[in-house]
Amino acid sequence: MASIVRASKYRHVFGTASKREECYENLRVSINAWDTNYVCANPKYMAVNWNAGGGGAFCVVPHSQAGKLRGDFPLFSAHSGAVLDTAFSPFDDDIIASGAEDHQAMVWRVPADLAEREEEDVTQPLAVLGGHGRKVGHVAWNPVAENVLAVASSDHTVRIWDVGQVAVKSTLAGFGDSIMSIAWNHDGTLLAATCRDKRLRVFDARSGSIVQEGAGHLGVKGSRVVWLGSEPRLVTTGFSRTSDREIYLWDSLNLAAPISKLNVDMSAGMLMPFYDSGSSMLYVAGKGDGNIRYYEYTDDRLYLLSEYSSSEPQRGLGAMPKRGVDVSKCEVMRFFKVASNSLVEPVSFRVPRKAETFQADIYPPAHAGRPALSADQYFAGQNAEPVVVDMEALFRDGPLVVAGEAPAPAQFIRCGTKPPPPETETETSRNPPLPPPPASTLTSERQLSPAPSQVEETRAPPSPPPTTATITPVVASNEETTRLRDENARLQAQLGQMQAQAGDAQQRAQRAEQAAADCEQTLRTLRAQLDDAVLKAAKDADALRAQVDAATTSVDEYKARLAKAEDTAREHERSCQGLEKELRDAIDAANSLALAAEKAADSLQAAQ
């Protein structure tokens, strides 16, 4: 007898939350309402959008610093508006891009001494990508070509940048409203985008032309899109008109209608999709939910495998690239979950196997973190498949950390501004240009420093020590002593005033923080009330629709009965008319008989 259970290597995948000491605590995660993941990660760092008091910032935390983050940990703070999205370069783990409300995107290098810095923020980006008319909501690196970045803005355009030359190579337009999400296909030739105008579009990233376009989810809330690896398939998540959360599977070659539709549930939180091409698994996590559902894609269908459940809802989620998972523990995916405004919790998904050898059947080759094309080759029209790595190498050596190896651009400047002045030797050593030299030649500043013997040879000969005859004691006069005492007293008074002002400022800051916390709690309560009201309104609308349908059915029945009664009444009327005629005929006959009887009586009397 054939089995009714579908065979799958990933049917028993399970998720496990990390221990408390492996989480990232004492953070200040952004509370901006923009639909973003808030967090991103690579094998070396975890980055989170920061709740900065003024301007915009984000924090990059090395995985070695997991635990409680110290209060003076440096931030990346050059944006003048709140940071909305960040993305690590797929080819250099030390490069990260950011987009913010100040209408700009920026590209940064994470300094080697980041963890050792104390209260010294990173304020000088490698490149500033300007020119947008409104806030920049999404940034995404090309998965094949180096230094190619897509930047989406609320000015209804997506710009494709050659970051090495700080130049816009193409502009994707035609959107009717704000762009909700963007995603590259596996070879970086196409870019899919969802929009608040409820349309799904696929662009040729180099020419800027629309390849396909179709109607997306019909709900008023946002939607997201993700490609299914090398397959010409897309998955979008969004809402129906009645606020049901949905998952659509699309053929990217024909967006006239989705291949399939999956109704998930009714909730207010956005569904965040993540696809792992190695295992063909789609992970879907809802904002405000405590669970992560995961499906297996095969034969143009999505099969639900299981779901990870937690009592703590997620505000956002970031995925680790496949080259960063722990292959020795059969880990197939790792997420970084924003569990609260101060905590990011890693969640590991594993295949339950006891074997201590490399499991080749669940680990096909994955992205190697090396570019297949340079930016010039890409914009010249060349195409290439992503460079992959055998996952058995990760089983032996651990996660693969990569650094840029392609030639660096000559200079990074702010878009539309003059080149910056030459840096000093100290500034150059602290902020090297993008990208770094090959990994085989990477050395620290101490290794690059000349040997002590060389330093001694280059220094000037020391001057002879002064003799005691040249040292003359200096004695201050009484007037000078009095002046110094008065100056000291004045400075002490100023210090006291400044300390009092600092105390007042600290109290005001505490009150402001408390007010902000109260406002946040009120906002959270209002959002919950709004969600409840929306849900109740949807239920009431469904009930009213059911009542209207029932009333419509009743009206139709009453109309049919009325028509039948009218037909019966007409038949009765015709019958009555016939009876009236018969009655008149009977009366006429009776009258004739009476008249005849009278005549007969008269004749009889006459005969007698």
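Quantities reported herein were computed from a predicted structural model and do not represent experimental measurements. (Residues numbered from 1 in each chain as written. Predicted model: local features only at pLDDT ≥ 70, side-chain atom pairs only at ≥ 80, totals over all residues. Heavy atoms only, no water.)

Undergrad: Mind laying out the sheet that holds strand β26 (residues 291–298), listing which residues take part and the relevant values?
TA: Pairing in this open sheet of four strands is antiparallel, and the strands run β24-β25-β26-β27 from one edge to the other. Of all the strands in the sheet, the pair left with one neighbour each is β24 (271–276) and β27 (301–309). Strand after strand, the sheet turns through a mean of 25 degrees between neighbouring axes, direction not considered. Where β26 lies against β27, eight bridges are found, and the strand directions are antiparallel. By the bridge assignment, Y297 is partnered in β27 with L302. (Pairing = 2+ DSSP bridges. Helix = DSSP H or I, 4+ residues; strand = E, 2+ residues; numbered from the N terminus. Axes fitted to C-alpha atoms, helices over the stretch in contact; angles between N-to-C directions.)

Undergrad: An account of the pairing of strand β18 (residues 199–204) is needed here, citing residue identities and associated values.
TA: Note that strand β17 (residues 190–195) and β18 share five bridges and pair antiparallel. Looking across to β18, one finds that A193 is bridged to R201. Here β17 folds back onto β18 in antiparallel fashion, the turn holding three residues, of which K198 has a positive phi close to 70 degrees. In this structure, β18 lies alongside strand β19 (residues 210–215), joined through five bridges in antiparallel fashion. Across the sheet, V202 pairs through a bridge with Q212, a residue of β19. Hairpin connection from β18 to β19: five residues lie between these consecutive antiparallel strands, with G208 at a positive phi of about 85 degrees.

Undergrad: So what's going on with the nonpolar core? Which residues, and what values?
TA: Counting 35 residues, the largest nonpolar core has M46 and V60 as its most contacted members. Of all the secondary structure elements, the ones that give two or more residues to this core are β3 (39–41), β4 (45–50), β5 (56–62), β8 (83–88), β9 (95–100), β10 (105–109) and β29 (331–338). In this structure V60 touches Y45, M46, A47, F73, F76, F88, I96, V110 and L114, once residues within four positions along its chain are discounted. Core analysis: the next-biggest nonpolar cluster, separate from the first, contains 29 residues, V13, I292, V351 and L394 among them. (Core = buried A, V, L, I, M, F, W, Y, C linked by side-chain atoms within 4.5 Å. Buried < 20%, exposed > 50% of the residue type's maximum accessible area, 1.4 Å probe, protein only. Contact = heavy atoms within 4.5 Å.)

Undergrad: Please set out the packing of aromatic side chains residue by residue, giving values where relevant.
TA: As enumerated under the stated definition, the model contains 17 aromatic pairs in all. Centroid distance Y378 to F379: 5.1 Å. Interplanar angle 75 degrees. Geometry classified as edge-to-face. Residue Y378 is classed as buried on the basis of its relative accessible area of 1%. Judged by its relative accessible area of 21%, F379 is partly exposed. Ring pairs connect the aromatic residues F274, Y283, Y294, Y308, F335 and F349, which therefore count as one cluster. A cation over a ring is seen here: K169 above F379, with NZ or CZ 5.9 Å from the ring centre. Here R206 stacks its cationic end above the ring of Y378, 4.6 Å away from the centre of that ring. (Phe/Tyr/Trp six-rings, centres within 6.5 Å; stacked < 30°, edge-to-face > 60°. Lys NZ or Arg CZ within 6 Å of the ring centre and 35° of its normal.)

Undergrad: Lay out the sheet that holds strand β21 (residues 233–239) in plain terms, naming residues and giving numbers.
TA: Spatial ordering of the open sheet is given by β20-β21-β22-β23, a layout of four strands whose pairing is antiparallel. Taken across any chain shown, the strands that pair with only one partner, and hence form the sheet edges, are β20 (224–227) and β23 (260–266). Strand after strand, the sheet turns through a mean of 20 degrees between neighbouring axes, direction not considered. One ladder, built from six bridges, connects strand β22 (residues 244–251) with β23; its direction is antiparallel. Looking at β23, one finds that Y248 is bridged to K261.

Undergrad: Residue-level account of the side chain of H79, with values.
TA: Its place among the elements puts H79 in strand β7 (residues 76–79). Of the residues examined, H79 reaches a relative accessible area of 4% and is grouped as buried. Every residue in contact with H79, bar those within four places of it in the chain, is listed here: G55, G56, S98, A100, D102, Q104, A105, M106 and W108.

Undergrad: How would you summarise the environment of P352 if you had to cite specific residues and measurements?
TA: With respect to the element layout, P352 can be found in the loop between β30 (344–350) and β31 (366–367). With a relative accessible area of 47%, P352 lands in the partly exposed category. The spatial distance from the C-alpha of P352 to the C-alpha of E331 is 9.1 Å, given a sequence separation of 21 residues. Discounting chain neighbours no more than four positions away, the residues touching P352 are H12, V13 and F14.

Undergrad: Tell me about the confidence of the model for the chain, and name the residues and values.
TA: The pLDDT averaged across the chain works out to 84; a share of 87% of its residues lies at or above 70. This stretch, residues 405–476, has a pLDDT under 50; its non-local contacts, to residues over four places away or in other chains, come to 64 contacts. (pLDDT = per-residue confidence, 0-100.)

Undergrad: Give a description of empty space enclosed by the protein that names residues and reports values.
TA: Under the definition given, this model contains three cavities of 30 Å³ or more. Around the largest cavity, the lining is made up of 17 residues, and of these C195, K198, G216, H217 and S223 lie nearest the centre. Secondary structure elements with two or more residues in the lining of the largest cavity: β17, β18 and β21. (1 Å grid on protein atoms, 1.4 Å probe; cavity = no way out; pocket = protein on both sides within 12 Å on 5 of 7 lines; lining within 4 Å. Points joined across faces, edges and corners; volume = space filled by probe spheres on them.)

Undergrad: I'd like a description of the pattern of salt bridges, backed by residues and values.
TA: One pass over the structure, following the stated rule, counts 23 salt bridges. For the salt bridge of E487 with R490, the shortest nitrogen-to-oxygen distance reads 2.2 Å. Pair noted here: E487 and R490 are both in helix α6 (residues 478–607), with a separation of three residues, about one helical turn. With relative accessibility at 29%, the residue E487 sits in the partly exposed group. Its relative accessible area of 39% is what places R490 among the partly exposed residues. When salt bridges with common partners are traced through the structure, they connect R245, D265, D289, R293 and E307 into a single cluster. (Salt bridge = Lys/Arg side-chain N within 4 Å of Asp/Glu carboxyl O.)

Undergrad: An account of unusual backbone geometry is needed here, citing residue identities and associated values.
TA: With phi around 75 degrees, H103 is a residue other than glycine that occupies positive phi space. In this structure H103 comes out as partly exposed when scored by relative accessible area, which is 32%. In the Ramachandran plot, K198 falls in the positive-phi region, its phi being about 70 degrees despite a non-glycine side chain. Within the secondary structure, K198 sits in the loop between β17 and β18.

Undergrad: Requested: an account of the layout of surface pockets, with residues and values cited.
TA: Here the idea is plain: a probe the size of a water molecule rolls over the atoms and shows the empty space left. Here the second largest pocket is characterised by a volume of approximately 1300 Å³. In terms of residue count, the dominant contributor to the lining of the second largest pocket is α6 (eight residues). A class-by-class count of the residues in the lining of the second largest pocket yields 15 nonpolar, eight polar and ten charged. (Nonpolar A, V, L, I, M, F, W, Y, C, P; charged D, E, K, R; others polar.)

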